Amino acid sequence: MDREVAAAVAARGGVPAPLTPERLREWQRADAAVRPRPGLRELTDGGRYEAGVGEGVVWARPTGLRGRLPVLCYLHGGGLIGGNAYSVLPRVLRELAQPLGLAVVSVEYPLAPDATYPQPLHACREALRWTVANADVLGIDPSRVVLAGKSAGGGLAAALALLLRDEGGPVTIGQLLLSPMLDDRGDTASARQLAGHDTWDATSNATAWQAALGPRYGTPDVPPYAAPARATSLAGLPPAYLEVGSAETFRDEVVAYANALWQCGGSAELHVWPGACHGFDTLAPYAAVSRTAAAARREWLRRLLLE
């Protein structure tokens, strides 16, 4: 593990104990406690942003920008069992929306095990449809929508891109996939190698997938809209940015997904950050590897929006 990241993990008490089904509800209560939901007044940051709520979303955009802005449809992380749309928004605004002149629509999808596939994915699709239908109210350009997400949200963003491709829209121009949760099978070398070492390891991942898939878990017929790594073709998808840590459970499934995109003639930019564990940039935001990763995401988005 990267030295600065390892120090940050150690300062938080070390690598957490793996999540098991027996501890799921306890974990969810603890997760909710550490992810406060800022109100709209807090989200405006003293007038720096405009903010509001919509159908299953909370949105914000930098104040004072004229015209229709590109929009990031952001899906939060949390293993499909935690997280919320509000707590992630200030950081997304600070790191991406403000420097690039973007609006952000953050989706509040339902969580497992109370909501299993396809409920979260369909909630994300409906939120995107609401966003496009309300483009005039939000002041956004519906022809410049980028799907984005981290961890579970990255997996949902990839799944939503597949669903929109097969349903014929709405059209999106890119997918920003940050340490995406793509494969329910958990049989990669990195999943085995990092068991008990990553901040989100194979046991935790299996617990989350079991909660998210319900009776489908462990069966051979899990659809690609539930676990995008199961897709037989990734042709016809918008350009993708993928990142993952080299010391991360998801390393090999993300690398494989990028390779599958290339093999289908798709556009993909892949970064494997050395020594980074799952959630490295949240745990150690000022580490050199975290700052480099944040800059790379911004640069990819900048180039995408200039095309």
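About the criteria used
- Residues numbered from 1 in each chain as written.
- Predicted model: local features only at pLDDT ≥ 70, side-chain atom pairs only at ≥ 80, totals over all residues.
- Heavy atoms only, no water.
- Helix = DSSP H or I, 4+ residues; strand = E, 2+ residues; numbered from the N terminus.
- Rg over C-alpha atoms; globule rule 2.2 N^0.38 Å.
- Buried < 20%, exposed > 50% of the residue type's maximum accessible area, 1.4 Å probe, protein only.
- Areas by Shrake-Rupley, 256 points an atom, 1.4 Å probe, with all protein chains shown as cover.
- Lys, Arg positive; Asp, Glu negative; His and termini not counted.
- Charge placed at Lys NZ, Arg CZ, Asp CG, Glu CD.
- Polar contact = N/O pair within 3.5 Å; in protein donor to acceptor, adjacent residues only side chain to side chain.
- Contact = heavy atoms within 4.5 Å.
- Expected span 1.5 Å × (residues − 1).

**Observations regarding the overall build of the chain**
Right, so step 1: A count of helices and strands for the chain gives twelve helices and eight strands.
Right, so step 2: The C-alpha radius of gyration of the chain comes to 18 Å, within 12% of the 19 Å expected for a compact globule of 307 residues.
Right, so step 3: Dimensions of the chain along its principal axes, counting C-alpha atoms only, are 50 × 40 × 35 Å.
Right, so step 4: The 307 residues of the chain split such that 55% are buried.
Right, so step 5: Total accessible area on the chain is roughly 12,700 Å²; 53% of this is exposed by carbon and sulfur atoms.
Right, so step 6: Computed over 29 positive and 31 negative side-chain charges, the inter-centroid distance for the chain is 4 Å.

**Comments concerning unusual backbone geometry**
Right, so step 1: Along the chain, Ala112 connects to Pro113 via a cis peptide bond; the corresponding omega equals 0 degrees.
Right, so step 2: Mapped onto the fold, Pro113 is located in the loop between β4 (103–107) and α5 (119–133).
Right, so step 3: For the bond running from Tyr117 to Pro118, omega is 10 degrees, close enough to zero to count as cis.
Right, so step 4: Phi at Leu80 is positive, roughly 70 degrees, even though this residue is not glycine.
Right, so step 5: Tracing the sequence through the fold places Leu80 in the loop between β3 (69–75) and α4 (89–100).
Right, so step 6: Assessed through its relative accessible area of 10%, Leu80 is described here as buried.
Right, so step 7: The phi dihedral of Ser151 is positive, around 60 degrees, even though this residue is not glycine.
Right, so step 8: In this fold, Ser151 is placed in the loop between β5 (140–150) and α7 (152–167).
Right, so step 9: Under the relative-accessibility criterion, Ser151 is labelled buried at 7%.

**As for the side chain of Gln28**
Right, so step 1: Among the secondary structure elements, Gln28 is positioned in helix α2 (residues 24–34).
Right, so step 2: On the basis of relative accessibility, which here comes to 14%, the residue Gln28 falls in the buried class.
Right, so step 3: A polar contact of 2.9 Å, which involves the side chain of Gln28, links it to the backbone oxygen of Ile81.
Right, so step 4: In contact with Gln28, not counting residues within four places along its chain, are Ile81, Ala112 and Pro113.

**A closer look at α7**
Right, so step 1: Its 16 residues place the ends of α7 22 Å apart at the C-alpha level, agreeing with the 22 Å of an ideal helix rising 1.5 Å per residue.
Right, so step 2: Just beyond α7, the residue with positive phi is Gly168, at close to 85 degrees.

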